[in-house]
Amino acid sequence: QVQLVESGGGLVQAGGSLKLSCAASGRTFSGYTMGWFRQGPGKEREFVARIKWSPSWTYYADSVKGRFTISRDNAKNTVYLQMNSLKPEDTAVYYCAARLPSGRSGSDAASYDDWGQGTQVTVSS
């Protein structure tokens, strides 16, 4: 099992930027695909972005493509989500998740084994 701790959330005005971090511990980070999901008020949890172990291929939801960038530092067991040009509709609790490779879609939250506690991102208009 991998323990995940997110940080970096906060309140920002529309058009601003935030960088989320997710620190992993417990088991080796090696081989894990890391994902970011979010859950807005009254909404279901949705996929935001994910990054594979090696090569570090990245995938994004259409709603964040071109504005968000996921990256990872394997030496630090940390994954990041750089969020630019934030919009009020990006307001949500953002969760970091980890999984080993499987045949299931990497956009499917149910395919992830380990989750962080979440960090709140609020974008004001």
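It should be noted that the structure appears before, not after, this text.
Residues numbered from 1 in each chain as written. Predicted model: local features only at pLDDT ≥ 70, side-chain atom pairs only at ≥ 80, totals over all residues. Heavy atoms only, no water.

## Quick look at the overall build of the protein chain
Helices and strands together make up the secondary structure of the protein chain, namely zero helices and eleven strands. The secondary structure elements of the protein chain, listed N-terminal to C-terminal, are β-β-β-β-β-β-β-β-β-β-β. In terms of overall size, the protein chain behaves like a compact globule, its C-alpha atoms giving a radius of gyration of 13 Å where 125 residues would be expected to give roughly 14 Å. Dimensions along the principal axes, computed over C-alpha positions, put the protein chain at roughly 40 × 25 × 25 Å. In the protein chain, buried positions account for 45% of the 125 residues. Intrachain contacts of the protein chain at a sequence separation of at least 6 include 57% that bridge at least 24 residues. For the protein chain, the accessible surface area stands at approximately 6100 Å², while carbon and sulfur atoms represent 47% of it. Distance between charge centroids for the protein chain: 5 Å, based on 14 positive and 10 negative side chains. (Helix = DSSP H or I, 4+ residues; strand = E, 2+ residues; numbered from the N terminus. Rg over C-alpha atoms; globule rule 2.2 N^0.38 Å. Buried < 20%, exposed > 50% of the residue type's maximum accessible area, 1.4 Å probe, protein only. Contact = heavy atoms within 4.5 Å. Areas by Shrake-Rupley, 256 points an atom, 1.4 Å probe, with all protein chains shown as cover. Lys, Arg positive; Asp, Glu negative; His and termini not counted. Charge placed at Lys NZ, Arg CZ, Asp CG, Glu CD.)

## Details of the sheet that holds strand β8 (residues 78-83)
In a beta sheet, neighbouring strands pair by backbone hydrogen bonds and run either parallel or antiparallel. Overall, antiparallel pairing links the four strands, which are arranged β1-β3-β8-β7 in an open sheet. At either margin of the open sheet sits one strand with a lone partner, and together these are β1 (3-7) and β7 (68-73). Between one strand axis and the next, the sheet turns through 15° on average, direction left out of account. Note: strand β3 (residues 18-25) against β8, six bridges, orientation antiparallel. Within β8, the position partnered with Ala-23 by the bridge is Thr-78. (Pairing = 2+ DSSP bridges. Axes fitted to C-alpha atoms, helices over the stretch in contact; angles between N-to-C directions.)

## Focus on the nonpolar core
Counting residues in each nonpolar core, the largest one holds 33 residues, and the members touching the most others are Met-34, Trp-36, Leu-81, Met-83 and Tyr-94. At the level of elements, β3, β4 (33-39), β5 (46-51), β7, β8, β9 (92-99) and β11 (119-124) are the ones that each hand at least two residues to this core. At five residues, the largest contribution of residues to this core is made by β9. Excluding residues within four positions of it along the chain, Tyr-94 makes contact with Glu-6, Leu-20, Trp-36, Phe-37, Arg-38, Val-48, Phe-68, Leu-81, Met-83, Gly-118, Thr-119 and Val-121. (Core = buried A, V, L, I, M, F, W, Y, C linked by side-chain atoms within 4.5 Å.)

## What to know about the packing of aromatic side chains
By the definition in use, this model includes five aromatic pairs. The interplanar angle of 55° and the centroid separation of 5.1 Å between the aromatic rings of Phe-37 and Trp-115 together place this pair among those described as tilted. With a gap of 78 residues between them, Phe-37 in strand β4 and Trp-115 in strand β10 (residues 114-115) connect regions that are remote in the sequence. Take Trp-115: its relative accessible area is 26%, and that puts it in the partly exposed class. Following the ring pairs from residue to residue traces out a cluster consisting of Phe-37, Phe-47, Tyr-95, Tyr-112 and Trp-115. For Arg-45, the ring lying beneath its charged end belongs to Tyr-95, and the centroid distance is 3.9 Å. When the ring centre of Tyr-59 is taken as origin, the NZ or CZ atom of Arg-50, which lies over that ring, is 4.0 Å away. (Phe/Tyr/Trp six-rings, centres within 6.5 Å; stacked < 30°, edge-to-face > 60°. Lys NZ or Arg CZ within 6 Å of the ring centre and 35° of its normal.)

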